[in-house]
Amino acid sequence: MSDVEIDREALVATFLAEAEETLAHMEQVLVSVEAAPSDEALLHELFRDAHTLKGGAAIVGFDAVRDLAHELEDVLERLRNRTLGVSNAIVTLLLGSVDALRAALHAASGAAELPASAADFRARLAEVTRR
C-alpha cells in the first residue's frame, strides 16, 4: 500500500467522523429551528454545516453526498433569505435529508448501497427550491 493510499484512507476516515458529528449537530439544530423558526442564527448554522459537508464530500470524491448536500444548501439558502418559510413540513423534510445524507455517506464509504431515498430526497429538495 502506497503513502497516497494510506493518506486517502486517513482523509476519508477523518471526513466520515467529522461528517457524522456534523449530521448529529444538524439534527439538534433542526429541533431548535422547529421551536424557534425565526432564529436566523440557527438557519446560518445549518447552512454552514451543509456547506462544510458538501466541501468535504467533494474533496474525498463522495459525489452523491456532495450533490445531496448541495440541494440541501439551496433550500437552506431560501430559508435564510426568507423566500421560503420554516414550517413543520420543511423541518420534517430537512430531518429526512439528514437521514438521507447519513445513508449516502455509508454507501459512499462502501458500507452499504446508496438507497433510493437519497435520490428521492434530492428530488424533493429540488422541488422545494422551484416553488
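**A closer look at the overall build of the chain**
When its secondary structure is counted, the chain shows five helices and zero strands. Mapped from its N terminus to its C terminus, the chain presents α and β elements in the order α-α-α-α-α. Radius of gyration (C-alpha) of the chain: 15 Å, near the 14 Å computed for a compact globule of 131 residues. Seen through its principal axes, the chain has C-alpha atoms that stretch 50 × 30 × 20 Å.

**Describing unusual backbone geometry**
Backbone geometry at arginine 82 places phi at a positive 65°, although glycine is not the residue there. Relative to the helices and strands, arginine 82 resides in the loop between helix H3 (63–80) and helix H4 (88–108). Arginine 82 gets classed as partly exposed once you look at its relative accessible area, which sits at 37%.

**Quick look at the layout of surface pockets**
Quantified by volume, the largest pocket comes out at close to 150 Å³. Lining the largest pocket are Leu11, Thr14, Phe15, Glu18, Ala19, Thr22, Thr52, Leu53, Gly56, Ile59 and Val60. Mapped by element, the contributors of at least two residues to the lining of the largest pocket are helix H1 (3–35) and helix H2 (40–60). Of all the elements, H1 adds the most residues to the lining of the largest pocket, at six residues. Residue composition of the lining of the largest pocket, by class: six nonpolar, four polar and one charged.

**Overview of the pattern of salt bridges**
The full count for this structure, using the stated rule, is ten salt bridges. With its nearest N and O atoms 3.7 Å apart, the salt bridge here joins arginine 102 to aspartate 99. A residue pair is termed a helical-turn pair when its members lie 3 or 4 positions apart in one helix, as arginine 102 and aspartate 99 do in helix H4 at three residues. The residue arginine 130 makes a salt bridge to glutamate 127 at a minimum N-O spacing of 3.2 Å. In this pair, arginine 130 and glutamate 127 both sit in helix H5 (residues 116–130), three residues apart, roughly one turn of the helix. Three or more residues joined by partner-sharing salt bridges are found here, namely Asp63, Arg66, Asp67, Glu71 and Arg122.

**A word on H3**
The terminal C-alpha atoms of H3 lie 25 Å apart, and with 18 residues this matches the ideal 26 Å at 1.5 Å per residue to within 8%. Burial in H3 covers these residues: Val65, Leu68, Ala69, Glu71, Leu72, Glu73, Val75, Leu76, Arg78 and Leu79. With its phi angle positive at about 65°, arginine 82 sits one or two positions after the end of H3.

**Remarks on H4**
With 21 residues, H4 should cover 30 Å at 1.5 Å per step; its first-to-last C-alpha distance of 30 Å lies within 8% of that length. Just downstream of H4, glycine 110 is the residue with a positive phi angle, here 90°.

**Points about the confidence of the model for the chain**
When pLDDT is averaged across the chain, the result is 90; 94% of the residues are at 70 or more. The weakest mean pLDDT in the chain belongs to H5 at 83; the strongest belongs to H2 at 97.

**A word on the packing of H2 against H3**
How two helices pack is summed up by the angle between their axes together with the distance between the axes. Where H2 meets H3, the closest approach of the two axes is 8 Å, and the angle between their N-to-C directions is 160°. As judged from the angle between their axes, H2 and H3 are roughly antiparallel. With respect to the hand of their crossing, H2 and H3 are arranged in left-handed fashion. Touching Leu43, His44, Leu46, Phe47, Ala50, His51, Leu53, Lys54, Ala57 and Ala58 of H2 are Val65, Arg66, Ala69, His70, Leu72, Glu73, Leu76, Glu77, Leu79 and Arg80, all from H3. Each residue belonging to the contact of H2 with H3 can be placed in one class, and the counts come to twelve nonpolar, three polar and five charged.

So, how was this worked out
- Residues numbered from 1 in each chain as written.
- Predicted model: local features only at pLDDT ≥ 70, side-chain atom pairs only at ≥ 80, totals over all residues.
- Heavy atoms only, no water.
- Helix = DSSP H or I, 4+ residues; strand = E, 2+ residues; numbered from the N terminus.
- Rg over C-alpha atoms; globule rule 2.2 N^0.38 Å.
- Buried < 20%, exposed > 50% of the residue type's maximum accessible area, 1.4 Å probe, protein only.
- 1 Å grid on protein atoms, 1.4 Å probe; cavity = no way out; pocket = protein on both sides within 12 Å on 5 of 7 lines; lining within 4 Å.
- Points joined across faces, edges and corners; volume = space filled by probe spheres on them.
- Nonpolar A, V, L, I, M, F, W, Y, C, P; charged D, E, K, R; others polar.
- Salt bridge = Lys/Arg side-chain N within 4 Å of Asp/Glu carboxyl O.
- Expected span 1.5 Å × (residues − 1).
- pLDDT = per-residue confidence, 0-100.
- Axes fitted to C-alpha atoms, helices over the stretch in contact; angles between N-to-C directions.
- Parallel < 35°, antiparallel > 145°, perpendicular 65-115°, else oblique.
- Left-handed = near helix turned anticlockwise from the far one by under 90°.
- Contact = heavy atoms within 4.5 Å.

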